[in-house]
Structures are given as C-alpha cells and as structure tokens.
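Inside the fold
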Amino acid sequence: YFSGQKNTPLLGKKVIVTAGPTREAVDPVRFFTNHSTGKMGYAVAEAARDLGADVTLISGPVNLEPPAGVNVINVESAKDMFDAVIESYDGADIVVKTAAVADYRPKRIHDSKMKKQDGELSLELERTIDILKTLGEQKAHQFLIGFAAETNDVTTYAKRKLESKNADMIVANNVKQAGAGFGGDTNIITVFHRDGTTREYDLMSKRDAAVHILKEAIERMGDKA
Ligand code: CTP
Ligand code: CA
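Because the structure is a prediction, the values reported are computed rather than measured. (Residues numbered from 1 in each chain as written. Chains lettered and ligands numbered in written order. Predicted model: local features only at pLDDT ≥ 70, side-chain atom pairs only at ≥ 80, totals over all residues. Heavy atoms only, no water.)

**Thoughts on the overall build of the protein**
Just so we agree on the cut-off: Here a strand is any run of E in DSSP of at least two residues, a helix any run of H or I of at least four, and the numbering for each starts at the N terminus. Throughout, radius of gyration means the C-alpha value; the globule benchmark is 2.2 Å times the number of residues raised to the power 0.38. Buried, partly exposed and exposed residues are distinguished by accessible area as a fraction of the type maximum, computed with a 1.4 Å probe on protein chains only: under 20%, between the cut-offs, and over 50%, respectively. When checking whether two residues touch, look at their non-hydrogen atoms; a contact exists if any pair is within 4.5 Å. Think of it this way: Lys and Arg go in the positive column, Asp and Glu in the negative one, and His and the chain ends go nowhere. Charged groups are reduced to one reference atom each: NZ for lysine, CZ for arginine, CG for aspartic acid, CD for glutamic acid.
Scanning the protein for helices and strands turns up five helices and 14 strands. Its C-alpha radius of gyration of 18 Å places the protein within 12% of the 17 Å reference for a compact globule of 225 residues. Each principal axis of the C-alpha distribution contributes one length, and for the protein these read about 65 × 35 × 30 Å. Out of the 225 residues belonging to the protein, those deemed buried represent 45%. Look at the contacts in the protein between residues 6 or more apart in sequence, and 63% of them connect residues 24 or more apart. Placing the 30 positive and 32 negative side-chain charges of the protein at their respective mean positions leaves the two points 1 Å apart.

The following block contains the structure:
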C-alpha cells in the first residue's frame, strides 16, 4: 500500500466516511459542539479515494478543503448526520465513523434568541441517536469501523464499544497523549478487531494512520470484500 505503483484494492467499493463534530442548536445563535477538527476523517476519505474507492464524506462543520473526487455531504446535527448515513448505508461496503457525534442535545431548541436573566440557567439535554450502534443493528454486508477517542482506560472502552455497537473494528486513541490529541496532524492509534486481535501503532501522520486503518479493514473483510 505504500509502494509507488498504483494499488487500488478498493476499486468498485463504496466507502462512507463521517468526519468532524456535530452542532446541536440551543437557539438561533448558539450551539453545543466539541473539539473535533475533522482531520482524521478527511485523511480517511482521501486515503480511501487513493485506494480506488467511491467515497462519500459526510461532514460536520469543519475548516478543511474536502479531497477532490470525493462526494461531500455537509451536515450540522447528529440527526442530520444520521439521516445522511442511513440514506447511503445499503449501498456501502465500508463505513468509517470518524465523526465526534454529540451524545446530547438540548431537549428544546428555542425559536428566538434566549435572553439572559439574573441567576443561573439550566438546560435540559436529551440523548442523540447513536449512529454507529444503529448501523451495527442494521448491518448486512457492510464492514463497520468505529472510533474511540478516550482519556483513560482505552482498551477497556474500545473493546466495550466493539461489542456494544456490533462494529467490525474500533480505532482507539488516547487524546491526552502528546501527538494524539485534537486538531494535530498526527495520531497514535490502536486497532481492535472482533477476533480479539489488537494492533498498536506508533506516532504517525493522520494520512498514514488512515491508510493503515483501511488496509486492516481490507485484510479482514473476507466474504464481505
Ligand atoms: N457515535 C455515533 N453516534 C453517536 C455517538 C457516537 O455514531 N451519537 C460513534 C462515533 O462516531 C464513534 C463511536 O461511536 O465512531 C464511538 O464514539 P464515542 O464518543 O467514543 O463513544 P460513545 O458510544 O458515544 O460513548 P462515550 O462518549 O460515553 O465514550
Ligand atoms: Ca460520545
């Protein structure tokens, strides 16, 4: 996969990549979000394209130029992202859920700007839909790759996510580790497979990490390939 010659193992395959944060509106001028910049997801989309795939990149709001030749769908909320993913799920061969999806959203979106008042404010939050979990429940031929950005107990949480979301692979990183945090151009990933195999990688560019992730998926797709 790193040789100069053209290597397109994903030719004819449809790959969906979700990237970036989501935005959950509070009122017309405010929203909840997170530190995701979309760099990892955009790197996966680009690497998948270079490996020959037909790529759909479903992106939350980010400041990145989408890779050329990739079909981009811009979304804001977790619900928007879910709708976009489900729309193309049947035809997909690989789904890479890099996005940092909000877990909660305001229960009520105010129609007009909320005015400040004396004293404290409480907002009621409700759970968003777990996109990856839903994809796992509806999985047929697709190879599902989830991400797990953790601050502690990475292995425990990654393995738990692999099971609970019925994913085929989880790519985990410790965002507290230097070189693996939000926004950088590098990552330190560990890949967890369903057969219990795990593979730890050293610090590398997000681009190289993306190629390794896809390569591990291709190797394990088996009948799904
Ligand atoms: N994910 C998703 N939909 C959500 C939340 C998460 O599809 N509403 C996906 C992410 O895109 C990622 C994986 O699930 O691929 C793991 O996300 P993460 O936030 O690490 O896990 P959660 O299940 O949300 O658990 P927690 O945040 O409590 O660790
Ligand atoms: Ca979460």
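**Topic: the UniProt feature "binding site: CTP" (unreviewed entry) in the protein**
Filter applied, for reference: UniProt positions are given in the numbering used here, feature names are shortened, and annotations may be inferred rather than shown by experiment.
Mapped onto the present numbering, the UniProt feature "binding site: CTP" (unreviewed entry) falls on Asp-103, Lys-113, Phe-147, Lys-161 and Lys-165. These annotated residues cover 63 residues of sequence, and their C-alpha atoms sit far apart, with the largest distance between any two at 37.5 Å. Within the fold, Asp-103 resides in the loop between strand S6 (94-97) and strand S7 (104-106). Given the relative accessible area of 53%, Asp-103 is considered exposed. With near-sequence residues (within four places) excluded, Asp-103 lies in contact with Glu-126, Arg-127 and Thr-128. In this structure, Phe-147 sits in strand S9 (residues 143-150). Among the residues examined, Phe-147 registers a relative accessible area of 19% and is labelled buried. Dropping the residues within four chain positions of it, Phe-147 is found in contact with Met-40, Val-96, Lys-97, Thr-98, Ile-170, Val-171 and Ile-213.

**Brief notes about the sheet that holds S6**
Test applied: By the convention used here, strands pair only if DSSP detects at least 2 bridges between them. The axes used here are C-alpha line fits, helices contributing only the stretch in contact, and every angle between their N-to-C directions lies in the interval 0 to 180 degrees.
Strand order in the open sheet formed by eight strands is S5-S4-S1-S6-S9-S10-S12-S13, and the pairing between neighbours is mixed. In this open sheet, the two edge strands, each paired with only one partner strand, are strand S5 (71-74) and strand S13 (198-200). Neighbour to neighbour, the strand axes of the sheet diverge by 15° on average, direction disregarded. Summarising the sheet, strand S12 (residues 190-193) and S13 pair through three bridges and their orientation is antiparallel. Among the inter-strand pairings, Val-191 is bridged to a residue of S13, identified as Arg-199. Here helix H5 (residues 206-220) sits on the sheet and contacts S9, strand S10 (169-174), S12 and S13; the angle it forms with S9, its principal contact strand, is near 140°.

**Remarks on the side chain of Glu-24**
Our working definition: For salt bridges, the criterion is a side-chain nitrogen of Lys or Arg within 4 Å of an Asp or Glu carboxyl oxygen.
As for its position among the elements, Glu-24 is in strand S2 (residues 24-27). Of the buried charged residues, Glu-24 lacks a salt bridge, with Arg-105 as the closest side chain of opposite charge at 5.4 Å. If we skip the residues at most four places from it in the chain, Glu-24 touches Arg-30, Phe-31, Phe-32, Ser-77, Ala-78, Ala-102, Tyr-104, Arg-105, Pro-106 and Thr-128.

**Here we look at the pattern of salt bridges**
One pass over the structure, following the stated rule, counts 16 salt bridges. One salt bridge connects Arg-23 with Glu-76, and the closest N-O pair in it is separated by 3.8 Å. One end of the pair, Arg-23, is in the loop between strand S1 (14-19) and S2; the other, Glu-76, is in the loop between S5 and helix H2 (78-89), with 53 residues separating them in the sequence. Residue classification places Arg-23 among the partly exposed residues on the basis of a relative accessible area of 28%.

**Things to note about the site of ligand 1**
What counts, and what does not: Being near a molecule or strand, for a residue, means having at least one of its heavy atoms within 4 Å of it. Polar contact is the term for a pair of N or O atoms within 3.5 Å; when the atoms are in protein, one must be able to donate a hydrogen and the other to accept it, and sequence-neighboring residues count only if both atoms are side-chain atoms. For every accessible area listed, the method is Shrake-Rupley and the probe measures 1.4 Å; residues are considered covered only by the protein chains on display.
Near ligand 1 there are 16 residues, and of these Lys-97, Ala-99, Leu-132, Lys-161 and Lys-165 occur at the shortest range. One of the side-chain N or O atoms of Asp-103 is found 3.0 Å from an oxygen atom in ligand 1. Summarising the interface, the protein chains cover 76% of the accessible area of ligand 1, which totals 570 Å² for the free molecule. The set of elements that each furnish at least two residues to the shell around ligand 1 consists of helix H3 (131-137) and S9. With four residues, S9 is the single largest residue contributor to the shell around ligand 1.

**Some details on unusual backbone geometry**
For Asp-153, which is not a glycine, the phi torsion comes out positive at approximately 45°. Here Asp-153 lies in the loop between S9 and helix H4 (154-164). Despite not being glycine, Asn-166 shows a phi value in the positive range, around 55°. Within the secondary structure, Asn-166 sits in the loop between H4 and S10. Residue class for Asn-166 comes out partly exposed when judged on its relative accessible area of 30%.

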